[in-house]
Amino acid sequence: MEKILVIGSGPIVIGQAAEFDYAGTQACRSLREEGYSVVLVNSNPATIMTDEETADRIYIEPLTPEFCERVIERERPWGLLATLGGQTGLNLASQLADLGVLERYGVKLLGTPLEAIRKAEDRELFRSLMREIREPVPESWIVESEAELEALLDTAPYPCIIRPAYTLGGTGGGVARDRDELWETGRKGLKLSMRSQLMVERSLLGWKEVEYEVMRDSKGNCITVCNMENLDPMGVHTGDSIVVAPSQTLSDIEYHMLRTASLKIIQSLGIEGGCNVQLAVNPKSFDYYVIEVNPRVSRSSALASKATGYPIARVAAKIAVGKTLDEIENAVTKTTKACFEPALDYVVVKIPRWPFDKFRTGDRRLSTQMKATGEVMAIARSFEEAMMKAVRGLEVASKDLTHPDTSLSDEALEDRLRHPTDERLWHLAEALRRGWTVKRVNEVSRVDPWFIEKLLGLVEVESRLVGLRTEPSAAREVFREALDSGFDLSTVARLSGLAPEEALDSASVRLEPSYKMVDTCAGEFESDTPYYYATREVEDDAAVPQNPISVL
Amino acid sequence: MEAWLALSDGTVYPGRSLGAQGTSVGESVFTTGMTGYQEVLTDPSFAGQLVAFTYPLIGNYGVNDDDFESDRVQPSGIIVKEACDTPSNWRSRRTLAEFLRDRGVVAIQGVDTRALVKRIRSGGVLMGAVSTVGPDQALRASREAARYDDTDFVGQVTTRRPYAWGRQGREEIDAPASPMPVRMAVVDCGLKHNILRRFAALGVRSIVLPSTVTADEVKDWRPDGVLFSPGPGDPARLGGVVATARELLGWRPVFGICLGNQILCQAVGGRTFKLKFGHRGGNHPVKDLLDGSVTITSQNHGYAVDPESLTGKDAEVTQVNVNDGTVEGIRLKGAEAMGVQYHPEAAPGPWDSRKYFAAFVEQMTAAR
């Protein structure tokens, strides 16, 4: 039985959402399904992937070239899979290759070739490749020393974005509004970058941010797993953004223009596995820019997997050992192949979870450096319901869009909308509650009007619920509307001061949710999966057991 | 305002009216594309059908002035979970509901479309009706409706008189032709404009002809190649077009898209059959048997070519569907002719198979 060494995720730090543990665990299982013996190295024992049943042999060792070499020497694996451990795994694999360790022990690097990873991650190589294939990238400058940084201070377009190369979650990056900020943040970024390299680029603040999760196999077959639209416009790190899948405001031409660009990029890089492409889209034209490519399984792909039911890491692992997309089974339907694009018949909302309740003195403003430590994802048949479910899932002080602190002045509120913090969702709602128009909120926040209109709808339901305190006769109608918009019974009761269970007899309104299946194919094919979501609908996909199961 | 969707098997789904008032009947089908409702609404291949969208939020980016695939709304009605009244997109000119009302299209929202899809998936497509009058009227209409397969939809959607399509879009047939290197005859069985736009971008002036055109009339236009377009209805009804195709095979390069592919197959003696619920959406994987590659395609068909019927005939199956193995592409022997069952023109759907248009242009150029 051939052995494969998998590099694990290492420590889970701020800027990650445990996605590499999720991906690594899926990958180990997937490789064992293919008949390989899996050896796992990870420095972090507090992960799922280091559970006994995940791999055949597990080493809890520091993720350094020295320790890894010793594991390789002892285990003599046939292949090394590094594209599932995030940046840590990639950096380690590239060090092992540079040191000649892989060659010495005849270890084959599986998945995306290192060369492709370099092309995607080295800003200059990437930009020249994009120019070659005629994909637009924003005007930018590479800085590799303080002297170069200084020379740029007078010519850079402000505001501009600073992105250090080879760092996790955009550490050390930020927006510079003037030369002082560029100097400060730029110097910090140079220190933090593994190769002391950073990129300064034209700011696309206010443009829409859209992502595509794409896959490619060794034969060059390409698919899109899903696309996602950030509620927060460019300027907020996608890990700190509220993200919706699929995109909501792109027409078919725009959707496929960006999809085609993403596939062209993954094809030209020669990725073998999963890849994430981030694009900035002008809200007023067909213009777009390619912002960044993550040539590996990432936080976004973990989200995309859960949002679509398509197991990206599992499929990426099989691609890494040479299988093609049309040979891999769709594990959800079990009747179709992994070579297809999931069709969603629901809406997915992701909201990041920030640790500011624990780090009370932290700067809560969101920028290009990710500050979230986790995220929640909710699925429903409407945007409103998915949003409200996600808000409840956050387990923060507010269980809905009302905020305990409404004392902000209008000026302070406007500032918060302009420079978003982790509480931006509540600030958007508060502005609408104060009667600001959708247009004004959009101009200040740059959030697409589509999302603001939806939030306005929720704020209006909220106000009708509160209105029941003085005029309870409309309770039936308003309760039904509130439940359909994703308000839960306790919020309905709290806002209205009434008990909805009493006002709504179960004959007229169904109080319990329906359960629908996440089946990757919008119901087109019969599927065999235990993945369901609760939503306000008519019919259940899940068969309700006749005898309720008791849990002791 | 209330509305009802009734299926001929007796199922009634209550909902709310979304477009015009009245009752409308059609074959109930579903499409899984998450974008592209404007293109679907104007795609002639949906004539005579009630189209349910599996994606629950339809109308998010409004209706614009550009993305029309024909001059009118083609499905008899649409079924959605939720229509957006506050669309957001820089090209949006009106809401979906406004558009449907303007065009007099009966539509329904608030339907558990996933429940509907599961019914169609297990029982196959069936006749249905959307009505704002009442549930009984809807049910009766769905049962009294003429069978989809018995209706001549191609005759309803084809162009009445010839026209041309050049660099600037649609033009009179006898307009001084823009200087374009290639001339293609299109037999219009229910054409989507994006076919013409894509070919125009490749330097091809299209001469669009009614489906009743004869082979001699096609030849009189002196085209460099002939395209048989997609279209609605049962391909087995199209004896006349099939005869035209048979005469043109071998004369100039020929290309068939969707219904056009089925016409080519029948021209060499093949047969078609009706699929249980068709392929409609933009995520169908197709394998090219010649090079082993797989492409994600845009599809909209309710019938497929029976591969058995091509045995011993002058046709070779070159592409198959990865999901269900149905025929997705053919090549004819002894004639420069190929057909694809899916839509390289996209609109809506992925752009991955545009290469076939370029290949056909090359063939036409070489044949001059």
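Residues numbered from 1 in each chain as written. Chains lettered and ligands numbered in written order. Predicted model: local features only at pLDDT ≥ 70, side-chain atom pairs only at ≥ 80, totals over all residues. Heavy atoms only, no water.

## Quick notes on the domain arrangement of chain A
In plain terms, the rule: Segmentation of the chain into domains, including their bounds, is taken from an automatic or database domain assignment.
In terms of domain boundaries, chain A breaks down into domain 1 (3–110), domain 2 (139–202) and domain 3 (208–352). If you average the C-alpha positions of domain 2 of chain A and of domain 3 of chain A, the two centres end up 28 Å apart.

## Re empty space enclosed by the protein
Defined as follows: In this analysis the probe radius is 1.4 Å and the grid spacing 1 Å, with only protein atoms considered; a cavity is a set of points the probe fits into but cannot get out of, a pocket is an open set with protein on both sides within 12 Å along at least five of seven lines, and lining residues have an atom within 4 Å of a point. Grid points are joined across faces, edges and corners, and a volume is the space filled by probe spheres set on the points. Only DSSP runs of H or I reaching four residues or more are called helices, and only runs of E reaching two or more are called strands; each is numbered from the N terminus.
Here the structure, examined in full by the defined rule, presents twelve cavities of 30 Å³ or more. Of the volumes computed, that of the second largest cavity is approximately 310 Å³. Gly33(B), Met34(B), Gly281(B), Gly282(B) and Gly349(B) are the residues nearest the centre of the second largest cavity, which is lined by 28 residues in total. Breaking the lining of the second largest cavity down by element, the ones donating at least two residues are β11 (222–230) and α9 (252–269) of chain A together with β16 (272–288) and β17 (294–305) of chain B.

## Notes on the nonpolar core
For clarity, the threshold we go by: Remark: nonpolar core denotes a set of buried residues (Ala, Val, Leu, Ile, Met, Phe, Trp, Tyr, Cys) joined through side-chain atoms within 4.5 Å. For each residue, the accessible area found with a 1.4 Å probe, counting protein chains only, is set against the maximum for its type, and the residue is called buried under 20%, exposed over 50%, and partly exposed in between. Whether two residues are in contact is decided by their heavy atoms: any pair within 4.5 Å suffices.
Counting 173 residues, the largest nonpolar core has Tyr310(A), Ile351(A), Met387(A), Leu465(A), Ile78(B) and Leu96(B) as its most contacted members. A per-element tally of this core places helix α16 (residues 449–467) of chain A first, with nine residues. Sequence-distant contacts of Met387(A), defined by excluding residues within four places in its chain, comprise Leu231(A), Ile242(A), Val349(A), Ile351(A), Leu425(A), Leu455(A) and Leu458(A). In terms of nonpolar packing, the next biggest core, distinct from the first, is built from 34 residues, Ala164(B), Val241(B), Ala245(B) and Ala315(B) among them.

## Points about a negative patch on the surface
All names here are of chain B. Threshold: In this scheme, patches are assembled from residues that exceed 30% relative accessible area and form no salt bridge. Like charges are connected within 9 Å, while nonpolar side chains (Val, Leu, Ile, Met, Phe, Trp, Tyr) are connected within 5 Å. All accessible areas in this document rest on Shrake-Rupley with a 1.4 Å probe, and a residue is counted as covered only by the protein chains that are shown. Here, a salt bridge means any Lys or Arg side-chain nitrogen found within 4 Å of an Asp or Glu carboxyl oxygen. Counted as positive: Lys and Arg. Counted as negative: Asp and Glu. His and the chain ends are not counted at all. In plain terms, the charge of a residue is placed at NZ if it is Lys, CZ if Arg, CG if Asp and CD if Glu.
Residues Asp 216, Glu 217, Asp 220 and Glu 247 make up a contiguous surface patch of negative charge. Considering every element that reaches the negative patch, the biggest residue donor is helix α7 (residues 215–220), with three residues. Within the fold, Asp 216 resides in helix α7.

## Examining the pattern of salt bridges
Counted under the stated rule, the structure contains 65 salt bridges over all chains. Between Arg365(A) and Asp363(A) there is a salt bridge, with the nearest N and O atoms lying 3.9 Å from each other. Residue Arg365(A) is classed as partly exposed on the basis of its relative accessible area, which comes to 43%. The class for Asp363(A) is partly exposed, based on a relative accessible area of 45%. As a salt-bridge pair, Glu172(B) and Arg161(B) come within 3.7 Å of each other at their nearest N and O atoms. Of the two residues, Glu172(B) is situated in the loop between β11 (169–171) and β12 (182–188) and Arg161(B) in the loop between α5 (153–157) and β10 (163–166); the sequence distance between them amounts to eleven residues. Residue classification places Glu172(B) among the partly exposed residues on the basis of a relative accessible area of 44%. On the basis of relative accessible area, Arg161(B) is assigned to the exposed category, the value being 52%. Salt bridges sharing partners connect three or more residues here, namely Asp345(A), Asp519(A), Glu539(A), Asp541(A), Arg114(B) and Lys118(B).

## Description of the side chain of Arg424(A)
Residue placement: Arg424(A) occurs in helix α14 (residues 424–433). Residues contacting Arg424(A), with those up to four places away along its chain left out, are Leu231(A), Asp232(A), Pro233(A), Leu417(A), Ser445(A) and Val447(A).

## Some details on the pairing of strand β9 (residues 126–131) of chain B
One face of the sheet, then the other: side chains in a regular strand alternate in exactly this way. Residue and element names in this part refer to chain B. To keep it simple, the criterion reads: Strand pairing is assigned whenever DSSP detects at least two bridges linking the two strands.
The buried fraction of β9 amounts to six of the six residues, a majority that puts the element mostly inside the structure. Burial of the side chains of β9 extends over both faces: Leu 126, Gly 128 and Val 130 are buried on one face and Met 127, Ala 129 and Ser 131 on the other. Note that strand β1 (residues 2–7) and β9 share four bridges and pair antiparallel. Each residue of the ladder has a partner; that of Trp 4, found in β9, is Ser 131.

## Some details on the packing of α16(A) against helix α18 (residues 489–496) of chain A
Residues and elements named next belong to chain A. In plain terms, the rule: Axis lines are fitted through C-alpha atoms, for helices just across the contact stretch, and the angle between N-to-C directions can take any value from 0 to 180 degrees. The scheme is simple: roughly parallel for angles under 35 degrees, roughly antiparallel for over 145, roughly perpendicular for 65 to 115, oblique for anything else. Residue classes follow a fixed rule: Ala, Val, Leu, Ile, Met, Phe, Trp, Tyr, Cys and Pro count as nonpolar, while Asp, Glu, Lys and Arg count as charged, and any other residue, Gly among them, counts as polar.
Two numbers describe how α16 lies on α18: the axes approach to 7 Å, and their chain directions differ by 55°. What the angle tells us is that α16 and α18 run oblique. Listed contacts from α18 to Glu 462, Leu 465 and Val 466 of α16 are Val 492, Leu 495 and Ser 496. Classifying every residue of the contact of α16 with α18 by side-chain character gives four nonpolar, one polar and one charged.

## Some words on the sheet that holds strand β4 (residues 49–53) of chain B
Residue and element names in this part refer to chain B. Read once around its circumference, the closed barrel built from seven strands follows the order β1-β2-β8-β6-β4-β3-β9, with strand pairing classed as mixed. Looking at each pair of strands side by side, their axes are set apart by 35° on average, direction ignored. Where strand β3 (residues 23–31) meets β9, six bridges bridge the pair, whose relative direction is antiparallel. The residue bridging Glu 27 from the neighbouring strand is Met 127, located in β9.

## As for the interface of chain A and chain B
The line we're drawing: What gets called buried area is simply the loss in accessible area from a 1.4 Å probe that two parts show on being joined, summed for both.
Facing the 58 residues of chain A at the interface are 46 residues of chain B. Around 4,400 Å² of area is buried between chain A and chain B when both sides are counted, 50% of it from carbon and sulfur atoms. At the boundary of chain A with chain B, the tally comes to eleven salt bridges. Linking Asp541(A) and Arg114(B) is a salt bridge whose minimum nitrogen-to-oxygen distance equals 2.5 Å.

## A word on the confidence of the model for chain B
Atomic detail in the predicted coordinates should be set aside for any region of low pLDDT. Let me state the cut-off plainly: For every residue, the predictor states its confidence as a pLDDT score lying anywhere from 0 to 100.
Within chain B, residue pLDDT values average 96, and 99% of them lie at 70 or more. The complex prediction reports pTM at 0.93, with the ipTM value standing at 0.97.

## Here's the deal with the layout of surface pockets
Leftover empty space is mapped by rolling, across the atoms, a probe with the size of a water molecule. In this structure, the largest pocket encloses a volume near 1,600 Å³. Mapped onto the lining of the largest pocket, the elements with two or more residues apiece are α12 (383–393), α16 and α17 (475–484) of chain A together with β2 (12–17), β7 (82–83) and α2 (96–102) of chain B. The leading source of residues in the lining of the largest pocket is α16(A), at eight residues. Partitioned by chemical class, the residues of the lining of the largest pocket number 14 nonpolar, eleven polar and 22 charged. Val175(A), Arg177(A), Leu366(A), Ser367(A) and His419(A) are, among the 29 residues lining the second largest pocket, the residues nearest its centre. Put simply, the parts of the chain that give the lining of the second largest pocket at least two residues each are β8 (174–176), α8 (179–192) and α15 (438–445) of chain A. Among the elements that take part in the lining of the second largest pocket, α8(A) stands out by supplying four residues, more than any other. Here the residues of the lining of the second largest pocket are counted per class, giving nine nonpolar, nine polar and eleven charged.

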